[in-house]
Structures are given as C-alpha cells and as structure tokens.
Amino acid sequence: MSVDMTRGGLLVALAVFGVIVYELRTVLDFLGVELPLIPYMGAVFALAGVVLWLVTLTGGWRAEPESDEPA
C-alpha cells in the first residue's frame, strides 16, 4: 500500500493542524484558561513523527505513477 498524498501536502496539513491547535489555545487563554505552549508544540511534532512513521510502515511515498509499459 502506498500513500497518494505528496510530502508537501502532508506537511501543509500538519502546519494547518498546528495553527488550529495554537488558535484554540489562544481562545482558551482569552476565556481565562491559561495553558502552556510547550505541550502543544510537542504534540504537533509528535503527531508529525507518528504520521511519517506510519507512512514509512505502509510502504513509503509513491514517487512516480506505476505503469505496465516497459521503460
């Protein structure tokens, strides 16, 4: 099994997820619940590591489309 998402697409998705988590932290801070930033940053990096590990386990990135024609 290979992943059809490009590396750039995955990195953009992780960046968007990180921004959403940061904004949720900002909203909670505005509501009076102060939360430290470091655990959130750690969670985003841990998520990125787990996703890349799963991609590696499932066959890695598909660099070129497979074709039945000989080269």
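Everything here concerns the structure above.
What counts, and where the lines are drawn
- Residues numbered from 1 in each chain as written.
- Predicted model: local features only at pLDDT ≥ 70, side-chain atom pairs only at ≥ 80, totals over all residues.
- Heavy atoms only, no water.
- Helix = DSSP H or I, 4+ residues; strand = E, 2+ residues; numbered from the N terminus.
- Buried < 20%, exposed > 50% of the residue type's maximum accessible area, 1.4 Å probe, protein only.
- Contact = heavy atoms within 4.5 Å.
- Areas by Shrake-Rupley, 256 points an atom, 1.4 Å probe, with all protein chains shown as cover.
- Expected span 1.5 Å × (residues − 1).
- Arc of directions from axis to C-beta.
- Patch = residues over 30% accessible without salt bridge, like charges linked within 9 Å, V, L, I, M, F, W, Y side chains within 5 Å.
- Salt bridge = Lys/Arg side-chain N within 4 Å of Asp/Glu carboxyl O.

Student: Please clarify how the overall build of the chain should be interpreted in this entry.
Tutor: Scanning the chain from N- to C-terminus turns up 2 helices and 0 strands. In the chain, buried positions account for 14% of the 71 residues. Long-range contacts, defined as pairs at least 24 residues apart, comprise 72% of the intrachain contacts of the chain with a sequence gap of at least 6. When the accessible surface of the chain is summed, it comes to about 5,900 Å², and 69% of that surface belongs to carbon and sulfur atoms.

Student: What's the story with helix α2 (residues 37-57) in this structure? I'm lost.
Tutor: Quick reminder: α-helices carry 3.6 residues per turn. Residues three or four places apart thus point the same way. When the terminal C-alpha atoms of α2 are compared, their 30 Å separation across 21 residues agrees well with the 30 Å that a helix rising 1.5 Å per residue should span. Among all positions of α2, only Val44, Ala48 and Val55 are buried. Down the axis, α2 shows its buried residues gathered within 35 degrees of arc, on one side only. In α2, the exposed residues that point more than 90 degrees away from the buried face are Ile38, Trp53, Thr56 and Leu57. Phi for Gly59, located one or two positions after α2, is positive at around 120 degrees.

Student: How do you make sense of a nonpolar patch on the surface when you look at a structure like this?
Tutor: A cluster of nonpolar side chains, Tyr22, Leu37, Ile38, Met41 and Phe45, forms an exposed patch at the surface whose accessible area comes to about 520 Å². With 4 residues, the top contributor of residues to the nonpolar patch is α2.

Student: What am I meant to see in the side chain of Arg25 here?
Tutor: In this structure, Arg25 sits in helix α1 (residues 7-30). Apart from residues lying up to four places away in sequence, Arg25 is in contact with Leu35, Pro36, Leu37 and Tyr40.

Student: How should I be thinking about the environment of Phe17 in this particular structure?
Tutor: Within the fold, Phe17 resides in helix α1. Overall, the relative accessible area of 37% leaves Phe17 in the partly exposed class. In this structure the C-alpha to C-alpha distance between Phe17 and Val44, which are 27 residues apart in sequence, comes to 7.8 Å. With residues near it in sequence (within four places) discarded, Phe17 still touches Val44 and Leu47.

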